[in-house]
Amino acid sequence: MKKNTIITILAILGIGVAFFFILQRNKKSNEEKVAVVAEKNKDVAVRTATVKTEDVSGEFSVNGTFLPNRQAQISAEMGGQLVALYVKEGSYVRAGQSIGRLAGEKLNVNVSGAKANLDNAIMALNRYEQAYKTGGVTALQLDQARLQVKNARTQLQSANLQSGDTNVVSKVSGIVNQKFVEVGTVVGAGTPIVEVVDISSVKLKVDVDQSMVSQLSVGNTVKVQPDVIEGAIDGRITFIAPSASGALKFPVEITVPNSFNKLKAGMYGTAIFNRSGATNVLTIPRDAFVGSVSDNQVFVVRNNIAYLTKIKGGVNYGDRVEVISGLKAGDEVVTSGQINLTDKTPIRKLK
């Protein structure tokens, strides 16, 4: 029994050793195959474009959003309960029009009291003037009576002004866009009651690149193409920001007439600018740049190797950018797949 047991154990061990060597051989074979595949696929698939000289148009377009001509929140100048609201959302209001009224009973009482005080002061002054003629009062007493009339008149004017503040008046003309409170609400001074938006004209706000904004001036006529209307509309540049908002972009506002209120604030539009074109300009696609255009880095392909190269860019012509230095006509640059590249990476060009 012992001899048979030993033979069985040795047989099992032999089988285990055999499996071990088979697994090792298979592992080595798989590693060799993976190495071969890796060797074959170590290059990165990219798309490329050729650097060339061309004649470029002076026209360029920038997308933006329409803003209202004016937009204001109409507020109460004093605190109180809103007892009347004369407008609703969608109503048209004129500048100077009353859009609501606050409770003013206490203020009316103040006006009545101030008026009574003024009447009494005037009667007292009349008596003092008659008495002064006969020597019944002194000049000082007469001056004090006159001062009492002056003070009473000032108090009446102040009471009248406060009473007038119960009327909530719109400071701008436009359409009521939003109502913030309901009748019966107690509001504080400065609490918005409604929002009024003037869209009799609208402003298309766009961000223009630094290379282009220097060629624009306030007053220039610009074609504007709204997304919701067929055909372009003539607009006029009314504002150019003196400083960039970020990424060397300058906010520019173009005012467009909107007599039929077809354009609404928040809609999208495109500004089409014109400037002098150029001939024989060395350009590359905007997509060739690594990161942003301002980084001025591209991958140049030589013998199927991508070299990270620093260049100097010039004017931005929309989807193409002028090259001032660092490249020459006929060079090949990567336009797609840069995210997978580092300097001197082998590449494979896709058709």
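Residues numbered from 1 in each chain as written. Predicted model: local features only at pLDDT ≥ 70, side-chain atom pairs only at ≥ 80, totals over all residues. Heavy atoms only, no water.

## What to know about the overall build of the protein
Okay, step 1: The helix and strand inventory of the protein stands at 4 helices and 21 strands.
Okay, step 2: Out of the 351 residues belonging to the protein, those deemed buried represent 34%.
Okay, step 3: The long-range fraction of contacts in the protein, counting pairs at least 24 apart against all pairs at least 6 apart in sequence, stands at 73%.
Okay, step 4: About 21200 Å² of surface is accessible on the protein, with carbon and sulfur atoms providing 53% of the total. (Helix = DSSP H or I, 4+ residues; strand = E, 2+ residues; numbered from the N terminus. Buried < 20%, exposed > 50% of the residue type's maximum accessible area, 1.4 Å probe, protein only. Contact = heavy atoms within 4.5 Å. Areas by Shrake-Rupley, 256 points an atom, 1.4 Å probe, with all protein chains shown as cover.)

## Let's talk about the environment of F60
Okay, step 1: Relative to the helices and strands, F60 resides in strand β3 (residues 60-75).
Okay, step 2: Taking the relative accessible area as the measure of exposure, F60 reaches 6% and is therefore buried.
Okay, step 3: Separated by 211 residues in sequence, F60 and A271 place their C-alpha atoms 8.4 Å apart.

## Structural notes on the nonpolar core
Side chains that are nonpolar tend, in soluble globular proteins, to be buried together.
Okay, step 1: Core analysis: the largest hydrophobic core is formed by 22 residues, its most contacted members being V206, V208, I254 and F273.
Okay, step 2: Of all the secondary-structure elements, those providing two or more residues to this core are β3, β10 (192-209), α4 (210-213), β11 (221-226), β13 (249-257) and β14 (268-273).
Okay, step 3: Sorting elements by how many residues they give to this core places β10 first, with 6 residues.
Okay, step 4: A76, I99, V172 and I193 belong to the second-largest nonpolar core, a separate cluster that totals 17 residues. (Core = buried A, V, L, I, M, F, W, Y, C linked by side-chain atoms within 4.5 Å.)

## A look at the sheet that holds strand β17 (residues 305-310)
Okay, step 1: Strand order around the closed barrel formed by 5 strands is β1-β20-β16-β17-β21, with mixed pairing between neighbours. Here the average twist between neighbouring strands, direction ignored, is 60°. (Pairing = 2+ DSSP bridges. Axes fitted to C-alpha atoms, helices over the stretch in contact; angles between N-to-C directions.)

## A look at unusual backbone geometry
Okay, step 1: Notably, N296 is not glycine yet its phi reads approximately 55°, a positive angle.
Okay, step 2: With respect to the helices, strands and loops of the structure, N296 is situated in the loop between β15 (278-285) and β16 (297-302).
Okay, step 3: Positive phi outside glycine occurs at N304, with the angle close to 60°.
Okay, step 4: For N304, the position within the fold is in the loop between β16 and β17.
Okay, step 5: Residue N304 is classed as partly exposed on the basis of its relative accessible area, which comes to 40%.

## Let's talk about the side chain of D331
Okay, step 1: With respect to the helices and strands, D331 occurs in the loop between β19 (320-325) and β20 (332-336).
Okay, step 2: Only 3.0 Å separates the side chain of D331 from the backbone nitrogen of K328, close enough to count as a polar contact.
Okay, step 3: Beyond its immediate sequence surroundings of up to four residues, D331 is in contact with A49, T50 and V51. (Polar contact = N/O pair within 3.5 Å; in protein donor to acceptor, adjacent residues only side chain to side chain.)

## Some points on the pairing of strand β6 (residues 98-102)
Okay, step 1: As judged from the 3 bridges shared by strand β4 (residues 80-85) and β6, these two strands associate in the antiparallel manner. The partner of L85 across the bridge, within β6, is G100.
Okay, step 2: Pairing between β6 and strand β7 (residues 167-169): 3 bridges, direction antiparallel. Opposite G100, over in β7, you have V168 as the bridge partner.

## Some thoughts on the pattern of salt bridges
Okay, step 1: If you walk through the whole model with that rule in mind, you get 11 salt bridges.
Okay, step 2: Across the salt bridge formed by K203 and E253, the nearest N and O atoms sit 3.9 Å from each other. Here E253 lies in strand β13 and K203 lies in strand β10, a separation of 50 residues in the sequence.
Okay, step 3: Exposure remark for E253: the relative accessible area of 16% places this residue in the buried category. (Salt bridge = Lys/Arg side-chain N within 4 Å of Asp/Glu carboxyl O.)

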